[in-house]
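Listed below are the residues making up each chain.
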Amino acid sequence: MNGNTPYAGSPGVTQAGHRANTDVPELSAEQKESLRTSVASIAARTRDFLPDEYVVGSQVSNDGNGPQAQVAVQPPVGHPVSAGFQPDAEDFDGDDLVAHEETEVARGLAASAALQVKQAMGDDITPTAR
């Protein structure tokens, strides 16, 4: 039964209860800073597209699967929306993160957050203009 669990490890490759470190990307300090800068830029651009009632946050973390970046938006009503990615070593040109169309990601997040508000409000609101 132990062989059926994800904690059993691969025979001859990984000990039981341990992960193989070969598939977890390691980033240099400069690459981590480039990732933080890119995520902060996406969050700032998303804030520019939305009114102040929307809360925009970002996070860069490093867990057992490697570095992960996420930007999330909490609209005034409706469900939160987020965008995230897990960069690999191929996503970097030296120490700089290759452009991930930060403006397009920010625009998509803002549009998704606005759609959440529209869906939460429904058709019960009288339009202010025709």
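Residues numbered from 1 in each chain as written. Predicted model: local features only at pLDDT ≥ 70, side-chain atom pairs only at ≥ 80, totals over all residues. Heavy atoms only, no water.

A. How the structure looks around the overall build of the protein. Along the backbone of the protein there are two helices and five strands. Starting at the N terminus and ending at the C terminus, the protein contains elements arranged as α-β-β-β-β-β-α. Within the span of the protein, comprising 130 residues, buried residues form 26% of the whole. In the protein, of all internal contacts separated by at least 6 residues, the share reaching a separation of at least 24 is 52%. In the form shown here, the protein has an accessible surface area of approximately 9000 Å², with 49% of it arising from carbon and sulfur atoms. (Helix = DSSP H or I, 4+ residues; strand = E, 2+ residues; numbered from the N terminus. Buried < 20%, exposed > 50% of the residue type's maximum accessible area, 1.4 Å probe, protein only. Contact = heavy atoms within 4.5 Å. Areas by Shrake-Rupley, 256 points an atom, 1.4 Å probe, with all protein chains shown as cover.)

B. Summary view of the environment of L115. Topologically, L115 is positioned in helix α2 (residues 102–121). With 37 residues separating them along the chain, L115 and G78 place their C-alpha atoms 8.9 Å apart.

C. Summary view of helix α1 (residues 29–49). With 21 residues, α1 should cover 30 Å at 1.5 Å per step; its first-to-last C-alpha distance of 31 Å lies within 8% of that length. Every buried residue belonging to α1 is among Q31, S34, L35, S38, V39, S41, I42, A43 and T46, and all of these are buried. (Expected span 1.5 Å × (residues − 1).)

D. Seen up close, the side chain of Q31. With respect to the secondary-structure elements, Q31 resides in helix α1. In terms of polar contacts, Q31 uses its side chain to reach the backbone amide nitrogen of S28, at 2.9 Å. (Polar contact = N/O pair within 3.5 Å; in protein donor to acceptor, adjacent residues only side chain to side chain.)

E. Inspection of the environment of Q119 at higher detail. Position of Q119 among the secondary structure elements: in helix α2. Counting along the chain gives 42 residues from Q119 to V77, while the straight-line C-alpha distance between them is 9.2 Å.

F. Examining the pattern of salt bridges more closely. Counting across every chain of the model gives three salt bridges. A salt bridge links R36 to E33, with the nearest nitrogen and oxygen atoms 3.2 Å apart. Of this pair, R36 and E33 are both found in helix α1, three residues apart, which corresponds to roughly one turn of the helix. Owing to a relative accessible area of 44%, E33 belongs among the partly exposed residues under this scheme. (Salt bridge = Lys/Arg side-chain N within 4 Å of Asp/Glu carboxyl O.)

G. Summary view of the sheet that holds strand β2 (residues 66–74). The strand order across the open sheet built from three strands is β1-β2-β3, with neighbouring strands paired in antiparallel fashion. Edge positions in the sheet fall to β1 (55–63) and β3 (81–85), since each has one partner strand and no second. Strand after strand, the sheet turns through a mean of 15° between neighbouring axes, direction not considered. Here nine bridges tie β1 to β2, and the two strands are oriented antiparallel to one another. (Pairing = 2+ DSSP bridges. Axes fitted to C-alpha atoms, helices over the stretch in contact; angles between N-to-C directions.)

H. Looking closely at a nonpolar patch on the surface. Taken together, the side chains of V77, M121 and I125 present a nonpolar region at the surface, about 230 Å² in accessible area. Relative to the helices and strands, M121 is located in helix α2. (Patch = residues over 30% accessible without salt bridge, like charges linked within 9 Å, V, L, I, M, F, W, Y side chains within 5 Å.)

I. Here's a closer look at the nonpolar core. By size, the foremost hydrophobic cluster in this structure holds 18 residues, and its most contacted members are L50, V71 and V73. Those elements giving two or more residues to this core turn out to be α1, β2 and α2. Look past the residues within four positions of L50 in its chain and what remains in contact with it is V56, V73, A110 and A113. (Core = buried A, V, L, I, M, F, W, Y, C linked by side-chain atoms within 4.5 Å.)

So yeah, pure geometry; function would need other evidence.
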